[in-house]
Amino acid sequence: MKKLAVIIFFDAFILMLLGLIIVMSASSTYSEFKFDSLFHLFNYHFAKVVVGIACLIFFSAIPYEIYKKFSKAAIIAITFLLLLTLFIAPEIKGAGRWINLGFFSFQPADIAKLILIIHLAVLLEVKKDVLQNYKEGFLYLLFWVIVIAGLVLAQPNVSNGVLLVFVSFMLLYVGGAKLSHLLVTALGCLIFAGIIAMTIAHSRERILTFIHAAQHGGTANIQVKQALLGLGSGGIFGVGMGHSLQSNLFLPEAYGDFIFAILGEELGFLGSVIVLCCYLILFLAGILVAKKAKDKFGQLLAFGITMSVTIYAFVNVAVATGLVPTTGLPLPFISYGGTSLIFLCISVGILINIAFSSAAVKKPINQNINETVPA
Amino acid sequence: MNNSRAIWIIIFVFIAFATLVARLFDIQIIRSEELKYYAKRQQTIVEKIRADRGLIYDRNNVLLAYNRNDVSFFLDLRMVSNKNKIKIAKKFSSVFGETIRHYEDLMDASGKTICIEKKAPSEKSNLLKNFKVAGLFHREDPTRVYYYKDLASYVLGYVGSDYHGVDGVSKYYDNVLSGQDGSMVVLRDAVGDMITVEEKETKPAVPGISLVLTIDKNYQQILEEELNEGVKKYGGKSAAGIIMDPNNGEILALANSGGFNPNKYWSYSDTARRDRAITDTYEPGSTFKSFSMAALLDKNLVNENDEVFAENGKYKFENVFITDAHKSGWLSARQVIEESSNIGMSKLTQKIDDDTFYKYLRAFGFGNYTSIDLPGEVSGMLRKPNVWTPVSKAFLSFGYGLSVTPIQIATAYCALVNGGILYQPQVVKKEIKRDGTIVEQDNPIQVRRVISAATSARIRQLLIDVVKEGTGTEASLENITIGGKTGTSQKLIDGHYSKEFYNSSFVGFFPAENPKIVCLILVNSPTVGRYGGLVAAPIFKNVAERIISMNPGNFENYQSPNQPEGQDFKIVNAGNTNNKPALSQDKELSNTINQSNNVDIKSGLMPDLSNYSLREAISVISRLGLKCKINGSGKVVSQSITPGISIHKGALCVVVCKEPDLVGASVY
């Protein structure tokens, strides 16, 4: 299990290192243009990476069982924080998502995601006996998913909200919830999410332009168009590290949600695929950690965290390549991300701790789970 | 954890990532070329490299106009922080000497981009080479420099803000001077700022061709100084002057009083910038009598000694009074010109019929463009005989009832004194590349023969007498013979001839026996002296004196008075740069001149002499060893020995000649 911990650590570390280089390349022109300094954004990002790695190491040393005790209090607290955000957060790009504490601002949704995964993992372990019962078990879990995801959606942060529901359902599915319950609820959620997405102006716009573009064979919007030009310019081998031309203000926020386009331009098809493989390795390593975790809480927590990172990576790349409508989600470890990078590092720290913990206890526990949860 | 469910999820994730890889394959490999094309199109712009404009030299290779590599500095205010604004103001202030406040005020402007320093000379802009601030950029902004400022400004013209010629040769030869702009591919960002230049795809500019003018800088300077001095002295509104080489039509100097500085053309009015020597018409007055006399002499209708009664100064002709300034009784034709008698001239002119007179005047180029290679020329006005009144011819004979430009008079005088050939006036001698190789040699262009060489010689003598003992004595110089004619015409103001305003002119030439210089001086509305002989003649004299004293050797050893016809002619260059329609007779004329040298003497066969000039015919016949008898004058129309027949030496050949018929030659 130690090997998995090392793999996960270095995988994340390499991606963050690559992120530093690409952010430097993608943000320099913008920084120069906006702040008179090539390194303005890079310096911020560098600081976040350093703090992130510190957090990663710190949290990998904290025994993950501790979270069991605080999960309920934490989820109630975050619920209030999200409610607070709804009223006090300043509007950025039509969405009140941020809380500013003066010295740093963060998206409560980022913490809520982690806390929800922890709490769902706790509940799945606690309620494993009554899970098949809709009212007693499933509904109890669904309640928190709906509360947290609902508040995130209400910010409105449709993409984060939808992914939160998606990751939660994955967790419930793997955690042994009844398939029929999941399907019925998923259908309900889908209809509800659809209604929500179409009522909120900016997400409706994004979806409609995406559908329109898909029908007419064009590209959805300027960002996606520029992202495709960047990726296409890269060809097989790329234009070389630091030689991106699309980052010369052509691709808006090239260092943020669309950083994959710059990465693809500089590293080409081969580089892009290698980066995707890094995420897949992280995913597989995470799944193995989950499989070998010493208790069900550890398993589900590891799975939830792994799933979250993987889904975010997938959606971000899918957006940059124009496969799905534009969302405001960062590319894990690589994007100029601010605080979401720090929470991501905390999650990975927890994942590594789970890997270490299971390595310490060499007792096979897989059979137990198979017995208690029939397929 | 449910293993089989976990496996489903692993499969699901792998499918998702496989989709991404497939999508990337499509974008980055299959559609790569297409996307690269569009990306490149927005990332690069093709920028013009301005071609260096051709230089302008005078005939002795004195540089008159060149380009200075100035640089203009611009600021994109959106990109400049307040801290940098202070930095920029301080730096620019120290380099250009303006106050810091001056630059701060400039930067307070509301525009997005401002020009902070326009056309900074390179010695200043070099000081700013290493001064780099975001938002500060510069652009090459060359300045056309006319080194001698006002000198020859009307010939040179100037360039406008777009660096294209606006007047003078700058405009007429703009295509030649401009060269071909090059281009370079510039990498830019979305805001349009240059990042770097693609060296491989840069197409260099082809610099413009340089012009060597026929203008002599020294003559030009003399003429300008004397014109301005004359206007000051005689109180005229303006004055124009032209110095030409009569033997090839080259303009040696062309000036208007006042002048303007082409380096600062914008501070002069359109009137001040107008080249009055070619764009303004006037009634020539007595200077025109020479042409009337030339027609009469050429037609053998008048002899220099024929007497005519000048009516003592006042003559009623067809109910109109013609008056003379100098009241005279009987005058010889020579004296009519010497004393400039209007009455005498109008009486003599009655001997020539309207059509012939008109044809001579047209042949001299009146009522028509001279086709000088300068823009804006006007043709003046000469009515056709069918609309003449009974008095038209009489008035035309002393230069009233038509309008001419100074360049027309100067050009026609060249034909009058050079042996009878009208040349097209030109200001450009040759077009050369930067390395000095000649691109185009602008050879003299003969338009037509107007009068015979003999007539020309007779007119020269008459005009020498004018300066010796007639109205032009003010123009005479001690060591050289000057010929010339004065002219004083009342200005036509609101349909009446003014008693107050005159155009006073003098056209002279020297050395009179073999003229190398023809010079016209025209003073508009002088208040002192009025008469051409008293105003323009002294100006001419000063010009002539200074020109001769500059290089006396050029004018001392003149040749015999009987200058052989066509001595200095060069064959017309058919490929001249002029676009104006050439007369059909041009070719004929040049062919004729060609023929006399090309005749096959050795074949022993009689050549066809038709259309040969008298002189050429005699030359050919004597070379063939034949005796010759000539009937008539002008061009050969028939010969007694049929062309193609073998020749017996010593045989007699009778050649019949006729004056060249000018019908249709100049009227179109």
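Residues numbered from 1 in each chain as written. Chains lettered and ligands numbered in written order. Predicted model: local features only at pLDDT ≥ 70, side-chain atom pairs only at ≥ 80, totals over all residues. Heavy atoms only, no water.

## A word on the overall build of chain B
For step 1, the next point in the chain: Secondary structure assignment for chain B yields 22 helices and 26 strands.
For step 2, the next point in the chain: Across the 668 residues in chain B, those meeting the buried criterion constitute 53%.
For step 3, the next point in the chain: Counting contacts in chain B only where the partners sit at least 6 residues apart, residues at least 24 apart contribute 71% of the total. (Helix = DSSP H or I, 4+ residues; strand = E, 2+ residues; numbered from the N terminus. Buried < 20%, exposed > 50% of the residue type's maximum accessible area, 1.4 Å probe, protein only. Contact = heavy atoms within 4.5 Å.)

## So, the interface of chain A and chain B
For step 1, the next point in the chain: Taken together, the contact pairs 55 residues of chain A with 40 residues of chain B.
For step 2, the next point in the chain: Between chain A and chain B, a total of about 4200 Å² is buried, with carbon and sulfur atoms accounting for 73% of that surface.
For step 3, the next point in the chain: Looking at the side of chain A facing chain B, the largest losses of area belong to Tyr173(A), Phe250(A) and Phe269(A), adding up to 14% of the total buried there.
For step 4, the next point in the chain: Between chain A and chain B we count zero salt bridges in total.
For step 5, the next point in the chain: At the junction of chain A and chain B, the tally comes to eleven residue pairs in polar contact (both at pLDDT 80 or more).
For step 6, the next point in the chain: When residues of the side of chain A that touches chain B are traced back to their parent elements, those giving at least two are helix H1 (2–35), helix H6 (158–174), helix H9 (222–234), helix H10 (259–292), helix H11 (296–320) and helix H13 (366–372) of chain A.
For step 7, the next point in the chain: The greatest single-element share of the side of chain A that touches chain B, amounting to 15 residues, is contributed by H10(A).
For step 8, the next point in the chain: Of the residues belonging to the side of chain A that touches chain B, the class tally is 35 nonpolar, 16 polar and four charged. (Buried area = accessible area lost by both parts, 1.4 Å probe. Salt bridge = Lys/Arg side-chain N within 4 Å of Asp/Glu carboxyl O. Polar contact = N/O pair within 3.5 Å; in protein donor to acceptor, adjacent residues only side chain to side chain. Nonpolar A, V, L, I, M, F, W, Y, C, P; charged D, E, K, R; others polar.)

## What to know about the confidence of the model for chain B
Residues and elements named next belong to chain B.
For step 1, the next point in the chain: With 87% of its residues at a pLDDT of 70 or more, chain B shows a mean pLDDT of 82.
For step 2, the next point in the chain: Residue range residues 557–597 is modelled with pLDDT below 50. Its contacts to residues more than four positions away, or to other chains, number 69 contacts.
For step 3, the next point in the chain: Counting contacts from residues 660–668, a segment whose pLDDT is below 50, to residues more than four positions away or on other chains yields 20 contacts.
For step 4, the next point in the chain: In the predicted assembly, ipTM is 0.89 and pTM is 0.62. (pLDDT = per-residue confidence, 0-100.)

## A few points about the packing of H6(A) against H11(A)
Residue and element names in this part refer to chain A.
For step 1, the next point in the chain: Following both chains from N to C, one finds H6 and H11 inclined at 140°, their axes separated by 10 Å at the closest point. One finds that H6 runs oblique with respect to H11. For the crossing formed where H6 meets H11, the hand is right-handed. Residues Asn160, Leu163, Phe166, Val167, Met170, Leu171 and Val174 of H6 touch H11, and the partners they reach there are Leu300, Phe303, Gly304, Met307, Ser308, Ile311, Tyr312 and Val315.
For step 2, the next point in the chain: Its residues assigned to classes, the contact of H6 with H11 comprises twelve nonpolar, three polar and no charged. (Axes fitted to C-alpha atoms, helices over the stretch in contact; angles between N-to-C directions. Parallel < 35°, antiparallel > 145°, perpendicular 65-115°, else oblique. Left-handed = near helix turned anticlockwise from the far one by under 90°.)

## Overview of the side chain of Ser72(B)
Residues and elements named next belong to chain B.
For step 1, the next point in the chain: You can see Ser72 is positioned in strand S4 (residues 71–76).
For step 2, the next point in the chain: Relative accessible area serves as the criterion here: at 1%, Ser72 is assigned to the buried category.
For step 3, the next point in the chain: A polar contact of 2.7 Å, which involves the side chain of Ser72, links it to the side chain of Asp141.
For step 4, the next point in the chain: In contact with Ser72, not counting residues within four places along its chain, are Glu117, Lys118, Lys119, Phe137, His138, Arg139 and Asp141.

## Overview of the environment of Ala261(A)
All names here are of chain A.
For step 1, the next point in the chain: In this fold, Ala261 is placed in helix H10.
For step 2, the next point in the chain: Relative accessible area serves as the criterion here: at 0%, Ala261 is assigned to the buried category.
For step 3, the next point in the chain: Through-space distance from the C-alpha of Ala261 to that of Ser244 is 9.7 Å; in sequence the pair is 17 residues apart.
For step 4, the next point in the chain: Here Ala261 is in contact with Ala227, Gly230, Leu231 and Leu251, once residues within four sequence places are set aside.

## What about the pattern of salt bridges?
All names here are of chain B.
For step 1, the next point in the chain: Taken as a whole and judged by the stated rule, the model has 24 salt bridges over all chains.
For step 2, the next point in the chain: The salt bridge partner of Asp105 is Arg101, with a shortest N-O separation of 3.0 Å. Of this pair, Asp105 and Arg101 both sit in helix H4 (residues 100–107), four residues apart, which is roughly one turn of that helix.
For step 3, the next point in the chain: On the basis of relative accessibility, which here comes to 49%, the residue Arg101 falls in the partly exposed class.

## Points about the sheet that holds strand S6 (residues 136–140) of chain B
Consider a sheet: its strands pair through backbone hydrogen bonds, and that pairing is either parallel or antiparallel.
All names here are of chain B.
For step 1, the next point in the chain: Pairing in this open sheet of three strands is antiparallel, and the strands run S5-S4-S6 from one edge to the other. Strands with a single pairing partner mark the edges of an open sheet, and in this sheet they are strand S5 (113–120) and S6. The sheet shows a mean angle of 20° between the axes of neighbouring strands, direction not considered.
For step 2, the next point in the chain: Bridge count for S4 against S5 is five bridges, and the pairing is antiparallel. Among the inter-strand pairings, Val71 is bridged to a residue of S5, identified as Ala120.
For step 3, the next point in the chain: Sheet strands in contact with helix H3 (residues 82–96) are S4, S5 and S6, and its direction is about 20° off that of S5. (Pairing = 2+ DSSP bridges.)

## Observations concerning the packing of helix H4 (residues 108–126) of chain A against H6(A)
Residues and elements named next belong to chain A.
For step 1, the next point in the chain: Relative to each other, H4 and H6 sit at 20°, their axes nearing to 11 Å. As far as their axial angle goes, H6 and H4 are roughly parallel. The crossing of H4 and H6 is right-handed. Contacts between H4 and H6 involve Ala109, Lys113, Leu116, Ile117, Leu120, Ala121 and Leu124 from the former and Asn160, Leu164, Val167, Ser168, Leu171 and Leu172 from the latter.

## A look at the nonpolar core
For step 1, the next point in the chain: Judged by nonpolar contacts, the single largest core of 129 residues is most densely connected at Leu301(A), Phe333(A) and Ile350(A).
For step 2, the next point in the chain: No other element matches the 19 residues that H10(A) contributes to this core.
For step 3, the next point in the chain: When neighbours within four sequence positions are excluded, Phe333(A) is seen to be in contact with Ala12(A), Leu15(A), Met16(A), Gly19(A), Tyr279(A), Leu282(A), Val309(A), Leu341(A), Leu344(A) and Val348(A).
For step 4, the next point in the chain: Listed in part, the 85 residues of the second largest apolar core include Ala152(B), Leu331(B), Ala412(B) and Val417(B). (Core = buried A, V, L, I, M, F, W, Y, C linked by side-chain atoms within 4.5 Å.)

## Regarding the pairing of strand S8 (residues 182–188) of chain B
Residues and elements named next belong to chain B.
For step 1, the next point in the chain: For S8, the tally of buried residues reaches six of seven residues, placing the bulk of the element in the interior.
For step 2, the next point in the chain: For strand S1 (residues 44–49) and S8, the ladder comprises six bridges, and the chain directions are antiparallel. From the neighbouring strand, Ile45 faces S8, where its bridge partner is Val186.

## So, the packing of aromatic side chains
For step 1, the next point in the chain: This structure, assessed with the given rule, holds 37 aromatic pairs over all chains.
For step 2, the next point in the chain: Geometrically, the ring pair formed by Phe314(A) and Phe17(B) is tilted, given 6.2 Å between the ring centres and 45° between the ring planes. With Phe314(A) in helix H11 and Phe17(B) in helix H1 (residues 3–30), this pair bridges two chains.
For step 3, the next point in the chain: For Phe17(B), a relative accessible area of 3% puts it in the buried group.
For step 4, the next point in the chain: Aromatic rings pair up to connect Tyr154(B), Tyr158(B), Phe260(B), Tyr265(B), Trp266(B) and Tyr268(B) into one cluster.
For step 5, the next point in the chain: Above the plane of the ring of Tyr312(A) lies Lys113(A), whose end atom (NZ or CZ) is 3.8 Å from the centre.
For step 6, the next point in the chain: We note Lys347(B) situated over the ring of Tyr315(B); from NZ or CZ to the ring centre the distance is 4.8 Å. (Phe/Tyr/Trp six-rings, centres within 6.5 Å; stacked < 30°, edge-to-face > 60°. Lys NZ or Arg CZ within 6 Å of the ring centre and 35° of its normal.)

## Quick word on the state of the cysteines
Residues and elements named next belong to chain A.
For step 1, the next point in the chain: Tallying each qualifying case throughout the model produces zero disulfides over all chains.
For step 2, the next point in the chain: Note on Cys277: no disulfide assigned, nearest cysteine sulfur contributed by Cys278 at a separation of 7.3 Å.
For step 3, the next point in the chain: A relative accessible area of 36% means that Cys277 is categorised as partly exposed. (Disulfide = S-S within 2.5 Å.)

## So, helix H2 (residues 40–60) of chain A
All names here are of chain A.
For step 1, the next point in the chain: The first and last C-alpha atoms of H2 sit 31 Å apart over 21 residues, in line with the 30 Å expected at 1.5 Å per residue.
For step 2, the next point in the chain: Every buried residue of H2 is accounted for by Leu41, Phe42, His45, Val49, Gly52, Ile53, Cys55, Leu56, Phe59 and Ser60. Seen along its axis, H2 keeps its buried residues to an arc of 160°; they face one direction. (Expected span 1.5 Å × (residues − 1). Arc of directions from axis to C-beta.)

## So, unusual backbone geometry
Among all residues save glycine, negative phi is the norm, and among peptide bonds the norm is trans.
Residue and element names in this part refer to chain B.
For step 1, the next point in the chain: Cis geometry marks the peptide bond from Phe510 to Pro511, where omega comes out at -15°.
For step 2, the next point in the chain: As for its placement among the helices and strands, Pro511 is situated in the loop between strand S22 (496–510) and strand S23 (517–524).
For step 3, the next point in the chain: Despite not being glycine, Asn300 has its phi angle at roughly 60°, a positive value.
For step 4, the next point in the chain: Relative to the assigned elements, Asn300 resides in the loop between helix H12 (289–298) and strand S13 (307–309).
For step 5, the next point in the chain: We note that Ser525 has phi near 55°; this positive angle belongs to a residue other than glycine.
For step 6, the next point in the chain: You can call Ser525 buried: its relative accessible area is 2%.

## Quick word on the environment of Leu177(B)
Residues and elements named next belong to chain B.
For step 1, the next point in the chain: Inspection of the secondary structure puts Leu177 in helix H8 (residues 174–178).
For step 2, the next point in the chain: The class for Leu177 is buried, based on a relative accessible area of 0%.
For step 3, the next point in the chain: Once the C-alpha coordinates of Leu177 and Glu431 are considered, the two residues, 254 residues apart in sequence, prove to be 9.3 Å apart.
For step 4, the next point in the chain: Other than its neighbours up to four places away in sequence, Leu177 contacts Asp52, Arg53, Gly54, Leu55, Ile56, Arg144, Val169, Ser170, Gly208, Ile209 and Leu211.

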